[in-house]
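Close look at the chain arrangement
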Amino acid sequence: MSRPLVVGNWKMFGDRQMVAGLVGAVAEAAAARAGVAIAVCPPFPYLSQAAAVLQGSALRLGAQNLAVEASGAYTGEVSGAMLRDVGCHYVIVGHSERRSLFGEDSALVARKFRAALAADLTPILCVGEQLAEREAGDTERVIAAQLDAVLELCGEQALAGAVIAYEPVWAIGTGKVATPEQAQAVHRFIRQRVSAAGSTPTILYGGSVKPDNAAGLFAQPDVDGGLIGGASLVADQFLSICDAALPR
Ligand code: PEP
């Protein structure tokens, strides 16, 4: 496995004061945690400020969404090139909140994934099943379809250097975390599916990761780190999760 990765997804939270304090604290702390790659994804308006705060540190910057198109008359959209221009390294695509609240289907997510690659960004592709799909025994079928949409549009090698985040929808923001065994089983499935196409992506778990459950999840052989929502908004919690990802 390559270096573990922990990414904070701030969602639509934060302000300039929080960027200065939280990004500053994490950037400073990253130096003492070279064994884990760390990134934060604040909302669009704060990306430039965050880039300035973390400059010169090991902390990387990501965005939470991007446009399919490279440029043009698309009012309200933000292109991958713009994200790259302000210092982003990563961009999240296909988060379940975008799929369920903003109608993004797997075909659109695949186009966003392609746009990220075209802009020289590393996409963090989110996949995951709803509770009803898990209870119906459909988890693998749902995730395979989400992965296949990207593989079909972008080619077999598209996931080679990408990051995949397994985020069971029922665990996001609910406090209901997947057990380490549940996470491992799905991560293994994802790894086998994409390694058949020759890819070795970094596979993160996301969904109510907290300081007290992170170590158990990260100890699983196919869990390469985490995508963290709520706990990424508090420096102590986020850093304690980063510590749990450090190789032992
Ligand atoms: C997320 O938003 O990607 C997420 C995993 O949120 P939380 O950690 O709050 O469940």
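For the structure itself, look to the data block above.
This write-up is about the structure you can find in this document. These figures come from a predicted structure and were not determined experimentally.

Time to look at unusual backbone geometry. A positive phi is found at D120, a non-glycine position, where the angle reads about 65°. Note that D120 resides in the loop between helix 5 (106-118) and strand 5 (122-127). Since its relative accessible area comes to 55%, D120 is described here as exposed. The phi dihedral of S208 is positive, around 55°, even though this residue is not glycine. You can see S208 is positioned in the loop between strand 7 (202-206) and helix 9 (214-218). Among the residues examined, S208 registers a relative accessible area of 10% and is labelled buried.

Another aspect to go through is the packing of helix 5 against helix 7 (residues 139-154). At a closest axis distance of 9 Å, the pairing of helix 5 and helix 7 adopts a crossing angle of 50°. Between helix 5 and helix 7, the crossing angle belongs to the class labelled oblique. Handedness of the crossing formed by helix 5 with helix 7: right-handed. The residues of helix 7 that touch helix 5, namely those facing S106, A110, R111, F113 and R114, are Q146, A149, V150, L153 and C154. Per-class residue counts for the contact of helix 5 with helix 7 are 6 nonpolar, 2 polar and 2 charged.

For the rest of this paragraph, the subject is the pairing of strand 8 (residues 225-228). Side chains G225 and L227 project from strand 8 onto one buried face, and the interleaved G226 and I228 project onto a second face that is buried too. Across 4 bridges, strand 1 (residues 5-9) lies against strand 8 in parallel orientation. Each bridged residue has a counterpart across the sheet, and for V7 the counterpart in strand 8 is L227. Both strand 7 and strand 8 contribute to a ladder of 2 bridges, which runs parallel. Across the sheet, residue G206 finds its bridge partner in strand 8, namely L227.

Attention now goes to the packing of aromatic side chains. A full pass over the atoms with the stated rule returns 1 aromatic pair. Lying over the aromatic face of F102, R98 brings its terminal NZ or CZ to 4.2 Å of the ring centre.

You can see L47 is positioned in helix 2 (residues 47-54). L47 gets classed as buried once you look at its relative accessible area, which sits at 2%. Residues contacting L47, with those up to four places away along its chain left out, are P42, L61, G62, A63, L83, V86 and C88.

What counts, and at which threshold
Residues numbered from 1 in each chain as written. Predicted model: local features only at pLDDT ≥ 70, side-chain atom pairs only at ≥ 80, totals over all residues. Heavy atoms only, no water. Helix = DSSP H or I, 4+ residues; strand = E, 2+ residues; numbered from the N terminus. Buried < 20%, exposed > 50% of the residue type's maximum accessible area, 1.4 Å probe, protein only. Axes fitted to C-alpha atoms, helices over the stretch in contact; angles between N-to-C directions. Parallel < 35°, antiparallel > 145°, perpendicular 65-115°, else oblique. Left-handed = near helix turned anticlockwise from the far one by under 90°. Contact = heavy atoms within 4.5 Å. Nonpolar A, V, L, I, M, F, W, Y, C, P; charged D, E, K, R; others polar. Pairing = 2+ DSSP bridges. Phe/Tyr/Trp six-rings, centres within 6.5 Å; stacked < 30°, edge-to-face > 60°. Lys NZ or Arg CZ within 6 Å of the ring centre and 35° of its normal.

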